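A closer look at the structure
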Amino acid sequence: MEEMQFNKLYNIDKERLHSNFQRIQNLNKDLNSKEIIAKFLYTQSIGISTDQISEILTYFQKKLTKDNELLDFAFEWIRANKIRLEYKKYITLNDYQAYTTALDDAIFLFFLKYDEFLRLLFLSTLEEYEFSTLYQIIFNPKQSESVNLTELLEKNKAKVQTIIIDGEKIDTKIYTLREGLSDMIRNDYNEGIPSDIKILDSEKQLVINDAIEKDFDGTMVERLIKFYCFQRRKIDKKEFTMAINQFLSSYFEFGVFYDFNKFKEKLVSSFADYIYSGLTENYKVQSIESLQNELNLVIEEFEKNLKQIRLKGKAWIEDIKPILQNFIEKFIEHL
Amino acid sequence: MLRKGSEFLLGLFFSDEQTIIYDHIKLSYDLPKETVRELKSMSFKFLGPLFMTRSLNNQSQWKIEYIETSLTPQSRTKVDETLMQSFTCLNTLKKTAGYITSLFTFIGSPYTEDIKIIYEKLDKYIHPSIIQGKLIAQTNYDVNFNLDLFIEDELKRGADLIEHTLGSPRKIYWEEKMAYSTVGIIKRTKKDGLLESDLYTFDLDDPLRKEALDHIPSYYFMGILPDYYEKRMNETLSLFGKDGLYSNIIKIKVSSQNRVVIYMEELVTDADGKTSLGLILIPDNEKVKESRDLFFYKKKLLSMLNKNSDFERSVIELNSRINPFENWNLNSDESFQNIERSLDNKLL
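Thoughts on the overall build of chain B
For chain B, the count of helices and strands is 9 helices and 11 strands. Counting all 348 residues of chain B, 55% fall into the buried class. When contacts within chain B are restricted to residue pairs at least 6 apart in sequence, long-range pairs at least 24 apart make up 70% of them. Of the roughly 16000 Å² of accessible surface on chain B, 51% is carried by carbon and sulfur atoms.

Quick look at the structure:
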């Protein structure tokens with residue numbers, strides 16, 4: 001019931017995630033299941049290295065109930081990222097009088113119900129400081145510094161207590177949430193409306209919002225590659241343009257400003273991912289990592305000539321479209 | 001968020017098992033200091049019936065969740081969308097470690113507020129945060145911990161959180177589309193300053209009278225609610241310097257575990273005064289089943305208030321078992337004692 005409610009609220013496409021996971025599993029048969037999940041999470045733009053993800057998975061694996069597996073935890077980590085995006089969008093659009101109001105409002109609207117749901121994954125013996133640590137990890141902004149699990153646990157242990165009265169654990173989840181999420185919400189609150197707000201129309205005083213992170217959808221790219229692998233038919237330029245357009249438009253929105261550094265990694269990873277998943281087994285002559293490296297080189301070249309690091313969504317689509325189109329055309333040529 | 005310059009008042013009260021009451025009041029305008037001092041007694045008047053519900057004979061833990069009213073200005077010359085037009089009271093009761101705490105708020109605002117979201121903020125966030133914080137501090141045996149300051153701080157945060165919600169668009173919730181049945185009708189008239197209230201319900205020998213008692217706190221309690229709270233709200237408005245505004249009950253929600261009672265009211269005013277009609281509604285069950293939603297009842301009440309409407313006929317249309325010819329007076333202690341002895345008596 002709880003899961004149904006959450007899927008409705010913050011839907012994650014488990015089927016697609018499963019197939020992504022299986023693809024990674026098939027490509028990395030030499031790795032153990034934890035390493036595969038870490039790699040899978042890394043490709044989902046979790047924002048920290050696979051080693052750090054592995055360390056976190058190792059710690060929390062022991063704390064899962066017997067009905068839940070590490071992959072369930074990984075899916076929730078992905079869902080948490082989605083919730084963070086929704087929360088960030090909300091908090092930047094709202095005008096709060098005080099930081100505490102932003103904190104209380106965000107916890108009430110986004111994290112309180114999810115906390116109840118997330119707790120079902122873990123054993124009842126999981127301490128409150130472990131929960132607050134977990135929130136700091138799974139709701140961690142992608143651009144943040146690396147995560148030191150031991151340090152985080154120690155820090156939280158000193159601040160967040162588990163209270164047991166007459167052998168019964170007392171509900172103190174609001175304080176756990178406040179402690180676990182306060183730094184993140186404070187930073188987002190202080191960030192507020194970006195300093196470089198653009199006034200488009202001086203009469204209308206139209207204010208443009210900052211970019212809201214979301215995923216690239218490259219299903220047309222994937223289909224196009226697959227189609228080529230099966231039919232070996234020449235692909236029309238228009239079809240390439242359409243696929244690239246769909247890929248870029250799924251991420252960039254008209255009128256919204258985007259910072260290049262904030263999306264380039266995601267762009268490379270998603271584009272390579274969709275190309276790779278379109279390839280049939282006989283065409284998978286190179287690894288996804290080497291494909292990413294090739295794409296990285298092209299993007300770095302593009303970055304060198306970049307005059308403005310921050311542009312509107314439509315401008316990015318126009319600028320990046322020929323780069324990606326050229327890349328995919330050449331890629332197919334060499335298949 | 002409320003529009004800039006909007007008029008509002010917001011009071012948040014917390015009471016613990018020793019009936020110590022903490023409060024935090026926010027206003028969009030200034031009040032004289034002596035008035036603020038008087039406000040302290042206001043919470044006792046509001047919370048009084050809440051404690052009364054706990055002492056009901058049937059042992060059930062009934063609570064008033066909310067009372068929603070609209071505001072009528074004495075003179076209609078000034079029309080301004082930033083002026084207060086609704087007044088709402090919300091209350092949550094919680095039993096923790098054997099004792100009961102209450103968190104209560106009243107809100108005056110220019111909008112019809114989304115009561116459900118405000119209630120959830122009180123019930124799921126503000127109230128638990130006070131209880132949880134108190135437990136953490138008590139367990140730590142922190143000598144520097146000041147309970148009064150802590151609760152006052154939490155109430156301030158809570159009031160800020162509620163204020164931030166004010167002015168949000170109101171949604172339609174499934175509760176409003178649920179099927180309800182009428183178990184009582186209250187007719188209230190105010191002419192030349194005199195208030196006359198009557199309750200119409202099942203006959204004493206009708207088994208539905210006893211059946212309904214399993215779904216409502218009591219006929220006595222439902223009968224006293226509208227007059228009592230309308231009076232309290234008018235006093236509060238006057239205390240807040242809003243003498244020119246009068247409250248009119250729109251809806252009251254009372255609940256106990258899985259049981260819910262809705263009292264909804266509509267009114268007409270004329271040169272002599274006003275006439276209100278209210279329905280006591282319970283969700284459909286096997287024995288009392290009319291299957292109509294709250295929108296139907298609202299329309300029905302409005303049609304019943306039409307001068308040409310036949311009251312008796314409309315009552316029978318609402319629930320054919322309710323007797324429209326026998327009224328239970330709600331104007332004196334004696335009449336309420338009579339209700340308690342007869343209507344509320346399951347042995348009769």
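A short note on the packing of helix H4 (residues 50-61) of chain A against helix H8 (residues 149-159) of chain A
Angle between the axes and distance between the axes: these two values describe a pair of packed helices. Residue and element names in this part refer to chain A. Close contact between H4 and H8 brings their axes to 10 Å; oriented N to C, the two are set at 50 degrees. Between H4 and H8, the interaxial angle falls into the category oblique. When H4 is examined against H8, the residues Glu55, Ile56, Tyr59 and Phe60 are found in contact with a partner set consisting of Leu149, Thr150 and Leu153. Its residues assigned to classes, the contact of H4 with H8 comprises 5 nonpolar, 1 polar and 1 charged.

Brief notes about the packing of helix H5 (residues 70-93) of chain A against helix H6 (residues 99-119) of chain A
All names here are of chain A. Contact geometry of H5 with H6 gives a least axis separation of 11 Å together with a crossing angle of 160 degrees. In this view, H5 runs roughly antiparallel relative to H6, as classed from their interaxial angle. For the element pair H5 and H6, the recorded crossing hand is right-handed. Between H5, through Glu76, Arg79, Ala80, Ile83, Glu86, Tyr87, Tyr90 and Ile91, and H6, the contact on the second element is made entirely by Ala102, Asp105, Ala106, Leu109, Phe110, Phe111, Tyr114, Phe117 and Leu118. Taken together, the residues that form the contact of H5 with H6 break down as 13 nonpolar, no polar and 4 charged.

Here we look at the sheet that holds strand S10 (residues 273-283) of chain B
All names here are of chain B. Overall, antiparallel pairing links the 11 strands, which are arranged S2-S1-S5-S4-S3-S8-S9-S10-S6-S7-S11 in an open sheet. Edge positions in the sheet fall to strand S2 (21-27) and strand S11 (328-329), since each has one partner strand and no second. Note that strand S7 (residues 194-200) and S11 share 2 bridges and pair antiparallel. Residue pairing across strands places Asp198 opposite Asn329, the latter belonging to S11. Helix H2 (residues 115-140) rests against strand S1 (9-15), strand S3 (63-73), strand S4 (86-96) and strand S5 (99-109) of the sheet, and its axis sits at about 40 degrees to S4.

Brief notes about the side chain of B:His127
Within the fold, B:His127 resides in helix H2. Excluding its chain neighbours within four sequence positions, the residues that come into contact with B:His127 are B:Phe14, B:Thr92, B:Leu93, B:Lys94, B:Thr101, B:Ser102, B:Leu103 and B:Leu122.

Describing the environment of A:Val285
Within the secondary structure, A:Val285 sits in the loop between helix H12 (260-278) and helix H13 (288-304). Remark: the alpha-carbon pair of A:Val285 and A:Leu335, spanning 50 residues in sequence, is separated by 9.0 Å.

Some remarks on the interface of chain B and chain A
With 22 residues of chain B at the interface, the matching set in chain A holds 23 residues. Here chain B and chain A share an interface that buries about 2000 Å² over both sides, 59% of which is from carbon and sulfur atoms. Counting the surface chain B buries against chain A, the share from its top three residues, B:Tyr125, B:Gln132 and B:Arg157, is 34%. Measuring nitrogen to oxygen at the nearest pair gives 3.1 Å for the salt bridge that ties A:Arg178 to B:Glu154. For the pair chain B and chain A, the interface holds 10 residue pairs in polar contact (both at pLDDT 80 or more). At the level of secondary structure, the elements contributing two or more residues to the side of chain B that touches chain A comprise H2 and helix H3 (147-165) of chain B. The element contributing the most residues to the side of chain B that touches chain A is H2(B), with 13 residues. For the side of chain B that touches chain A, the class distribution of residues is 8 nonpolar, 6 polar and 8 charged.

Focus on the pattern of salt bridges
Side-chain pairs of opposite charge can arise where the charged atoms are in close proximity. All names here are of chain B. Counted according to the given criterion, the structure contains 41 salt bridges over all chains. The partner of Asp160 in a salt bridge is Lys156, and the shortest N-O contact between them spans 2.9 Å. Of this pair, Asp160 and Lys156 are both found in helix H3, 4 residues apart, which corresponds to roughly one turn of the helix. On the basis of relative accessibility, which here comes to 39%, the residue Lys156 falls in the partly exposed class. Between Asp227 and Arg188 there is a salt bridge, with its nearest N and O atoms 2.6 Å apart. One end of the pair, Asp227, is in helix H6 (residues 219-239); the other, Arg188, is in strand S6 (residues 180-191), with 39 residues separating them in the sequence. Residue Arg188 is classed as buried on the basis of its relative accessible area, which comes to 2%.

Thoughts on the packing of aromatic side chains
Residue and element names in this part refer to chain A. This model, assessed by the stated rule, comprises 42 aromatic pairs over all chains. With a centroid separation of 5.8 Å and an interplanar angle of 75 degrees, the aromatic rings of Phe73 and Phe122 are classed as edge-to-face. Taken as a pair, Phe73 in helix H5 and Phe122 in the loop between H6 and helix H7 (128-138) lie far apart in primary sequence, 49 residues in all. Look at Phe216 and Tyr251: their rings are 4.2 Å apart centre to centre, the planes differ by 10 degrees, and that puts the pair in the stacked class. Of the two residues, Phe216 is situated in the loop between helix H9 (173-191) and helix H10 (219-231) and Tyr251 in the loop between helix H11 (237-249) and strand S3 (257-259); the sequence distance between them amounts to 35 residues. Owing to a relative accessible area of 2%, Phe216 belongs among the buried residues under this scheme. The class of Tyr251 is buried, set by a relative accessible area of 3%.

Brief notes about the pairing of S5(B)
Residues and elements named next belong to chain B. Burial of S5 is extensive: 11 of the 11 residues sit out of reach of the surface. Every second residue of S5 is oriented toward a common face, with Tyr99, Thr101, Leu103, Thr105, Ile107 and Ser109 on one face and Ile100, Ser102, Phe104, Phe106 and Gly108 on the other, all of them buried. Bridging between S1 and S5 involves 7 bridges; their strand directions are antiparallel. The partner of Ser15 across the bridge, within S5, is Ser102. Taken together, the 11 bridges between S4 and S5 define a ladder with antiparallel strand orientation.

The rules we used
- Residues numbered from 1 in each chain as written.
- Chains lettered and ligands numbered in written order.
- Predicted model: local features only at pLDDT ≥ 70, side-chain atom pairs only at ≥ 80, totals over all residues.
- Heavy atoms only, no water.
- Helix = DSSP H or I, 4+ residues; strand = E, 2+ residues; numbered from the N terminus.
- Buried < 20%, exposed > 50% of the residue type's maximum accessible area, 1.4 Å probe, protein only.
- Contact = heavy atoms within 4.5 Å.
- Areas by Shrake-Rupley, 256 points an atom, 1.4 Å probe, with all protein chains shown as cover.
- Axes fitted to C-alpha atoms, helices over the stretch in contact; angles between N-to-C directions.
- Parallel < 35°, antiparallel > 145°, perpendicular 65-115°, else oblique.
- Nonpolar A, V, L, I, M, F, W, Y, C, P; charged D, E, K, R; others polar.
- Left-handed = near helix turned anticlockwise from the far one by under 90°.
- Pairing = 2+ DSSP bridges.
- Buried area = accessible area lost by both parts, 1.4 Å probe.
- Salt bridge = Lys/Arg side-chain N within 4 Å of Asp/Glu carboxyl O.
- Polar contact = N/O pair within 3.5 Å; in protein donor to acceptor, adjacent residues only side chain to side chain.
- Phe/Tyr/Trp six-rings, centres within 6.5 Å; stacked < 30°, edge-to-face > 60°.

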